[in-house]
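Observations on the three-dimensional arrangement
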Amino acid sequence: MLAVLSPGQGSQKPGFLSPWLTLPGTAARLRWWSALAGVDLLHLGTEADADEIKDTARTQPLLVAAALLAGEHLPLHDVGLVAGHSVGELAASALAGVLPAEAAITLAGVRGREMAAACALEPTGMSAVLGGDADTVVAAIEQHGLYPANRNGAGQIVAAGAVDALAKFGEEPPAGSRVRPLAVAGAFHTPYMAPAEQALGAVAGGVTVADPARILLSNRDGAAVAHGREMLQRLVRQVTAPVRWDLVMRTLRDLGVTGIVELPPAGTLAGLVKRELKGDNAPEIVTLNTPDDLPAARDLIARHGVTPSLEPAPLFRVAVATGAGVFRPAEGLAEGDDVRAGQVIGHVATRQGPVEIAAHAAGVLVEWLAHDDDPVAPGRPVARIGGHQE
């Protein structure tokens, strides 16, 4: 399986969009998206210095624009899975077909402006905690009145909250770890961003969405989200909720992802994946930073993605687990049975109770991919439902 990943804030570099202007239509596209985002994306991606593109209000729409520009030059119909880190989820949602590109850019502009405004309300910040036992680190963060805003895996957790609490936390790092302050405007992905979440939700309520055309993983819990409206709600909620990139990478491993393309500005997520998915689980990775990298990215997609065909072929939809627990198929439902759209085909028994799994389209239950009493992780395929495309 081939996954396309979209990076988040902090991955930007001065001038990183300049090489893309050699492709026809790129400058015009950036001007159009600039009108939607309320910032000059053409200037920010080519001429602005590091300080200018560090501004949250500018960075967020710039990163979404970069990912979408590159995505337009990839054979996305062969891509089985997409995910994004933090604001990168907006780009991933557009690439999955949930949002129109224009809506993703507009929401990124609102998100950036409102998060920047929330940062100005009181002095907050973020610090990276490198190393140490994850549970111990999270406990220490919470003991200092801080929040674990990002859990990025590979021994990296980000603490966020009041500046004075962060300073004290840095003086008393958890055992086996070191704390490094981050040059950010405030405590992203914490309750300090509540005004921004409210403002983004007010705009998002008017966006028309569609269900994803490919597997779309959520930062909240690493789960595959099957409904567009649910994904939009998650995008809004994510402004104050922690980024669980560790769980996204766990799902990449559980789904057997063998190839990854990271969209520009690429490198950050590739580094996390390389440190987390090692050995037999190590996928082949292409970091797509300039148009010169497109041939390698297309080759990777051709080798690890879906193989297109001009002949009539089975059209399958995969139902996936939406939580971690034990899978229970619906009683009396067997391979070969017809299922209706919305029909409950099973559930995951979790500590919080059963979580239903429904078929998102009518068809035939072709194959169980998980069986009764199998342990499942969020995003794991449990059934294949299919028909035929004409």
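Read on for a plain summary of the structure.

Thresholds applied
Residues numbered from 1 in each chain as written. Predicted model: local features only at pLDDT ≥ 70, side-chain atom pairs only at ≥ 80, totals over all residues. Heavy atoms only, no water. Pairing = 2+ DSSP bridges. Helix = DSSP H or I, 4+ residues; strand = E, 2+ residues; numbered from the N terminus. Core = buried A, V, L, I, M, F, W, Y, C linked by side-chain atoms within 4.5 Å. Buried < 20%, exposed > 50% of the residue type's maximum accessible area, 1.4 Å probe, protein only. Contact = heavy atoms within 4.5 Å. Right-handed = clockwise from strand over helix to strand, strands pointing away. Axes fitted to C-alpha atoms, helices over the stretch in contact; angles between N-to-C directions. Parallel < 35°, antiparallel > 145°, perpendicular 65-115°, else oblique. Left-handed = near helix turned anticlockwise from the far one by under 90°. Phe/Tyr/Trp six-rings, centres within 6.5 Å; stacked < 30°, edge-to-face > 60°.

1. With respect to the sheet that holds strand S11 (residues 325-329)
With antiparallel pairing, 4 strands are arranged side by side in an open sheet as S14-S13-S11-S16. Of all the strands in the sheet, just strand S14 (353-358) and strand S16 (375-376) have a single pairing partner and so form its edges. Taken together, the 2 bridges between S11 and S16 define a ladder with antiparallel strand orientation. The residue of S16 that forms the bridge with Gly325 is Val376.

2. Here we look at the nonpolar core
Counting residues in each nonpolar core, the largest one holds 72 residues, and the members touching the most others are Val64, Leu68, Leu74 and Leu99. Setting aside anything within four residues of it in sequence, one finds Leu99 in contact with Leu90, Ser93, Ala94, Ala104, Leu107, Val207, Val209, Leu232 and Leu235. Formed by 20 residues, the second largest nonpolar core is a distinct cluster that contains Leu81, Val243, Met249 and Leu272.

3. Description of the pairing of strand S8 (residues 259-262)
Neither face of S8 is exposed, since Gly259 and Val261 on one face and Ile260 and Glu262 on the opposite face are all buried. Of the pairings in the sheet, the one linking strand S1 (residues 2-6) to S8 comprises 4 bridges and is parallel in character. If you follow Val4 over to S8, its bridge partner there is Val261. In this fold, S8 hands off to helix H11 (residues 268-276), which returns the chain to strand S9 (residues 284-287); that crossover is right-handed.

4. Concerning helix H10 (residues 245-254)
Here H10 lies mainly inside the structure; 7 of its 10 residues are buried. Turning to H10, its buried residues number three or more, namely Trp245, Asp246, Leu247, Val248, Met249, Thr251 and Leu252. On its buried side, H10 packs onto S1, strand S2 (81-84), strand S4 (147-153), S8 and H11. One or two steps after H10, the chain reaches Gly256, where phi turns positive at roughly 75°.

5. Some thoughts on the pairing of S1
Consecutive side chains of a regular strand alternate in pointing toward one face of the sheet and then the other. Of all the 5 residues making up S1, 5 are buried; the element is thus mostly covered by neighbouring parts of the structure. Neither face of S1 is open: one carries Leu2, Val4 and Ser6, the other Ala3 and Leu5, and all of them are buried. Pairing of S1 with S2, which is carried by 4 bridges, proceeds in the parallel orientation. Each bridged residue has a counterpart across the sheet, and for Ser6 the counterpart in S2 is Gly84.

6. Looking at the packing of helix H8 (residues 194-204) against helix H9 (residues 228-237)
At a minimum axis distance of 8 Å, the contact between H8 and H9 shows a crossing angle of 155°. In terms of their interaxial angle, H8 and H9 are classed as roughly antiparallel. Judged by the twist between their axes, the crossing of H8 over H9 is right-handed. Residues Glu197, Leu200, Gly201 and Ala204 of H8 touch H9, and the partners they reach there are Arg229, Leu232, Leu235, Val236 and Arg237.

7. Observations regarding the packing of aromatic side chains
Taken as a whole and assessed by the stated rule, the structure comprises 2 aromatic pairs. Seen in terms of ring centroids, Tyr147 and Tyr192 are 6.4 Å apart; in terms of plane orientation they differ by 90°. Their pairing is edge-to-face. Of this pair, Tyr147 sits in strand S4 while Tyr192 sits in the loop between strand S6 (177-181) and H8; the two residues are 45 residues apart in sequence, bridging distant segments of the chain. For Tyr147, a relative accessible area of 33% gives the class partly exposed.

The values are spatial; any link to function lies outside them.
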